[in-house]
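Descriptive analysis of the structure
Residues per chain, in single letters:
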Amino acid sequence: MLLLRPTRAPLLPCSTPFRPRPSYSTSSPRCLLHQLEPDSSPHQQPLKGKADWKRRQEGSNFIDTLNLSVLSGRGGAGGVAFHREKFKARGPPSGGPGGAGGSVYLLASPTVTNLSHLPRTIRGGAGASGGGSWLAGRRGDDVVVRVPVGTIVREVRREPKDEDAAEIERQEREELEWAYEANRVRLAEAEARDARWTAWKKRRDKAEKFGNPDDVEPWEEVDEVEVPQEKLMALSNLRKALFVMYPQAELEGHPHFLRTEHTLLSKLLSREVDMPDPKMRRRRRRRRARTDEDDTPLYLDLTKPTPLNEPILLVAGGQPGLGNPSFLTHEDRSPKYATRGGDGEMMRLELEVKSTGEVGLVGLPNAGKSTLLRALTSSTPRVASYAFTTLNPHHGTCILWSDGTFSGPRASPSSSSATDEITDTPATPEYFTAASPRPSRAERRAQQPSTAPAPAEERSEVLRFTLTDNPGLVASASLNVGLGHAFLRHIERCAALVYVVDLSSPDPLGAVEALRTELAAYARVKGLREGELEGRIRGVVANKADLFVAPRRAGAAEGEGEGEEDDAAGAAAAAETPEAGRAKLSALRDYVARVSADEVSRGVRRAEDPIWVVPVSAKRRENVQALVQRLAATVRTERERAAQREEIEALEAEEERLRVTGERWLGGEASNGSSSSE
Ligand SMILES: Nc1nc2c(ncn2[C@@H]2O[C@H](COP(=O)(O)OP(=O)(O)OP(=O)(O)O)[C@@H](O)[C@H]2O)c(=O)[nH]1
Ligand SMILES: [Mg+2]
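Everything numeric here is computed off the predicted structure, so don't read it as measured data.

1. A word on the overall build of the protein
- Regarding its fold elements, the protein presents 13 helices and 18 strands.
- The proportion of buried residues among the 678 residues of the protein is 35%.
- Long-range pairs, those at least 24 residues apart, make up 78% of the contacts in the protein with a sequence separation of at least 6.

2. Some thoughts on helix H5 (residues 369-376)
- Burial analysis of H5 places eight of its eight residues in the buried class, which makes it a mostly covered element.
- Taken as a whole, H5 has its buried residues at Lys369, Ser370, Thr371, Leu372, Leu373, Arg374, Ala375 and Leu376.

3. Things to note about the nonpolar core
- The biggest cluster of nonpolar side chains holds 56 residues, and the ones touching the most others in it are Val362, Tyr499, Val500, Val501, Val540, Val541 and Ala542.
- A per-element tally of this core places helix H9 (residues 508-525) first, with six residues.
- The residues contacting Val540, other than those within four sequence positions of it, are Tyr499, Val501, Val512, Leu588, Val592, Ile611 and Val613.
- Val149, Leu298, Ile312 and Leu314 belong to the second largest nonpolar core, which has 27 residues in total.

4. Here's the deal with the environment of Trp401
- Along the chain, Trp401 falls in strand E13 (residues 394-401).
- For Trp401, a count of 15 C-beta atoms within 10 Å corresponds to the partly exposed category.
- Measuring from C-alpha to C-alpha, the distance between Trp401 and Glu461 comes to 4.5 Å, with 60 residues separating the pair along the chain.
- If we ignore the near neighbours within four places in the chain, the residues touching Trp401 are Phe406, Arg459, Glu461 and Val462.

5. So, the site of ligand 1
- Residues in contact with ligand 1 amount to 25 residues; listed here are only the nearest, Gly368, Ser385, Thr390, Gly472 and Lys619.
- Looking at the shell around ligand 1 element by element, the count peaks at three residues for H5.
- Looking at the shell around ligand 1, its residues break down into nine nonpolar, 11 polar and five charged.

6. Some points on H9
- Across its 18 residues, H9 extends 26 Å between first and last C-alpha, which sits within 8% of the 26 Å expected from 1.5 Å per residue.
- Looking at H9, one finds that the buried residues are Pro508, Ala511, Val512, Leu515, Glu518, Leu519, Tyr522 and Ala523. End-on, the buried residues of H9 take up no more than an arc of 130°, which puts them together on one face.
- Trailing H9 by a residue or two, Gly527 shows a phi angle of about 70°, which is positive.

7. Description of the domain arrangement of the protein
- Taken domain by domain, the protein holds domain 1 (42-160 + 282-353), domain 2 (165-269) and domain 3 (359-433 + 458-643).
- Between domain 1 and domain 2, the residue contacts involve 15 residues of the former and 13 residues of the latter.
- A per-class count over the side of domain 1 that touches domain 2 returns six nonpolar, three polar and six charged.

8. As for the sheet that holds E13
- Spatially, E14-E13-E15-E12-E16-E17-E18 is the arrangement adopted by the seven strands of the open sheet, whose pairing is mixed. The outermost strands of the open sheet, each flanked by one partner alone, are strand E14 (406-407) and strand E18 (612-615).
- Strand contacts of H5: strand E12 (359-363), E13, strand E15 (461-469), strand E16 (496-502) and strand E17 (537-543), with the helix running at about 160° to E15, the strand carrying the most contacts.
- Set on the sheet, H9 makes contact with E12, E16 and E17; between it and E16 the angle comes to about 145°.

9. Considering the environment of Gly125
- You can see Gly125 is positioned in the loop between strand E3 (121-123) and strand E4 (143-148).
- Overall, the presence of 21 C-beta atoms within 10 Å leaves Gly125 in the buried class.
- With 368 residues separating them along the chain, Gly125 and Arg493 place their C-alpha atoms 36 Å apart.
- Contact partners of Gly125, with chain neighbours within four places excluded, come to Gly73, Gly102, Gly140 and Asp141.

10. As for the confidence of the model for the protein
- With 75% of its residues at a pLDDT of at least 70, the protein reaches an overall mean of 78.
- Counting contacts from residues 1-46, a segment whose pLDDT is below 50, to residues more than four positions away or on other chains yields 74 contacts.
- Every residue in residues 411-416 scores below 50 in pLDDT, and together they form eight contacts with partners more than four places removed in sequence or on other chains.
- Across the whole predicted complex the pTM is 0.70, and at the interface the ipTM reaches 0.99.

11. Re the pairing of strand E8 (residues 299-302)
- Burial of the side chains of E8 is restricted to one face: Leu300 and Leu302 are buried, whereas none of Tyr299 and Asp301 on the reverse face is.
- As judged from the four bridges shared by strand E5 (residues 151-156) and E8, these two strands associate in the antiparallel manner. Paired with Thr151 across the bridge in E8 is Leu302.

Calculation rules
- Residues numbered from 1 in each chain as written.
- Chains lettered and ligands numbered in written order.
- Predicted model: local features only at pLDDT ≥ 70, side-chain atom pairs only at ≥ 80, totals over all residues.
- Helix = DSSP H or I, 4+ residues; strand = E, 2+ residues; numbered from the N terminus.
- Buried ≥ 20, exposed ≤ 12 C-beta atoms within 10 Å, placed from the backbone.
- Contact = placed C-beta atoms within 7 Å.
- Core = buried A, V, L, I, M, F, W, Y, C linked by C-beta atoms within 7 Å.
- Near = placed C-beta within 6 Å.
- Nonpolar A, V, L, I, M, F, W, Y, C, P; charged D, E, K, R; others polar.
- Expected span 1.5 Å × (residues − 1).
- Arc of directions from axis to C-beta.
- Domains from an automatic or database assignment.
- Pairing = 2+ DSSP bridges.
- Axes fitted to C-alpha atoms, helices over the stretch in contact; angles between N-to-C directions.
- pLDDT = per-residue confidence, 0-100.

Structure, rendered in structure tokens:
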């Protein structure tokens with residue numbers, strides 16, 4: 001997590017210091033900050049557009065990569081006002097402080113699944129100006145950007161060309177120096193005039209009291225010192241950007257005002273506060289570095305949901321301006337000026353969502369991944385008998401109960417649909433094609449049984465894990481061919497992967513081989529460890545096993561002798577006998593065992609993680625119970641390993657902390673020792 005406010009001085013010392021909103025904690029360490037990932041390769045950009053286009057064609061507005069700008073709001077100006085009351089003609093200054101600008105925060109939320117709800121530019125609200133009667137201006141509205149869990153956030157810095165930046169910087173600095181110089185001359189002049197006036201007034205009062213007032217020379221104004229026009233101009237411009245004046249206030253020769261101005265200009269010169277940008281000449285300022293070593297581009301990997309009360313600060317809102325009571329001093333009883341608010345900041349971000357399911361389903365198009373997800377969870381991805389039905393990842397939760405059954409979170413235990421065959425999703429939604437109009441909600445409610453389903457016998461939840469159905473992989477997806485990386489990025493995060501192959505296809509072994517090759521190639525392209533993705537494969541689901549069962553053969557046999565077409569169908573069906581299915585399955589098992597052993601020997605896979613093979617029929621939900629048991633065992637092992645890894649990391653971090661502290665302590669002792677010996 002990030003610091004929520006930069007530790008930056010307000011424009012001027014102020015009796016009411018700016019405080020962040022109390023609901024946000026500022027204590028979280030900035031643990032996820034890394035250097036920019038090396039692989040944000042520009043060649044992915046056109047294909048990203050292609051993936052989004054294809055999704056839109058299918059009527060989906062899923063967006064998993066997005067470039068956006070976040071801008072925080074400007075702080076409101078302080079108010080310049082004086083209290084007015086009956087019988088009190090000249091009340092004290094009563095301008096309220098301005099409102100702070102709105103900040104922009106980031107929150108990884110499990111309630112969003114993609115980035116389609118985000119506009120390209122996100123702005124925090126501007127703070128309102130302070131009013132009279134000590135009324136503070138309204139704070140600018142904070143904005144919380146919600147992104148899915150699993151989003152990677154990278155800051156993109158587009159620095160202006162070196163010469164431009166240097167030229168603007170030089171010009172700004174020169175104008176500041178001129179303004180400072182002009183202010184210094186005018187301040188010295190005003191202070192001298194003030195001193196002269198005090199002395200003259202004293203003499204005149206004395207003469208009026210004790211002698212002849214005519215002895216005192218009349219008051220004479222001294223001509224102003226010549227200051228070059230451009231310096232006066234620079235001072236006047238900066239004054240407009242820094243202060244709000246009371247209408248028709250004469251502050252030109254006012255020593256107290258000039259002194260305040262001098263303080264502020266000195267702070268600008270020493271870079272304690274930022275230069276104001278009244279003309280938005282440089283558009284918006286980049287996010288300020290919180291500390292010197294903190295000026296690396298932001299990189300966040302949001303693998304866990306962010307606590308709601310601790311959103312991550314992206315850009316802080318502008319500081320509020322101070323009202324004129326802040327400048328009340330013994331000498332200046334009616335300050336006729338207030339400061340303007342600080343500018344907001346801007347940051348350009350590149351967001352990339354990488355899904356974080358625990359078990360990812362990987363397979364060629366049409367293998368039945370979506371059908372399998374529908375069979376195991378209550379998620380309802382589209383199912384159809386053509387390739388690339390699924391274009392973005394779908395998540396589902398599988399719950400295992402103590403009585404050995406399983407269900408998705410919404411599935412009712414008594415629901416009969418748990419055993420129904422999963423049919424393909426109709427191309428056109430039913431309510432467009434249905435002859436009779438769709439029943440109203442009231443009618444549907446009336447049709448429902450009046451009594452609630454009987455509660456299931458006592459059972460408790462044993463395990464709950466998430467499954468991700470991913471779009472189908474094609475050959476050369478790792479080279480970003482087709483919609484390659486747009487699909488592959490979503491399997492990078494799954495703790496365990498499972499291949500789904502169509503057992504009825506001519507070459508299921510070839511399918512496994514193709515998937516392995518793609519994963520290995522993608523891992524290489526992404527600079528992952530060798531075998532990183534292949535090593536995560538835990539099993540193979542041999543789907544569509546129902547196509548090998550007797551009824552089909554029997555159905556085909558019925559058609560025998562009814563013509564040539566039927567002969568062809570009969571031949572195809574003959575290939576799909578249970579014996580053929582068993583032969584294919586055992587060939588697949590042998591092949592997978594060989595692959596597994598090979599990966600163990602290459603050091604990519606642990607010996608205790610051989611790849612299992614489970615034949616299922618996702619469509620008919622047959623043998624899925626055995627599959628769930630396998631998946632549950634895998635998830636349990638992975639969770640144990642993750643917990644162990646976290647423990648080891650925590651221990652290492654603690655060791656490192658002790659080492660650094662010890663070194664500091666020993667270093668301190670050594671230097672003390674040497675100084676005492678001297
Ligand atoms: N007979 C039979 N058909 C199945 C089975 N599983 C899936 N199918 C059919 O296979 C076709 C493709 O299923 P999908 O679940 O859409 O396949 P997919 O792998 O998600 O495909 P993509 O999303 O395009 O990658 C559909 O027509 C399903 O009805 C099964 O176990 N048996
Ligand atoms: Mg699918």
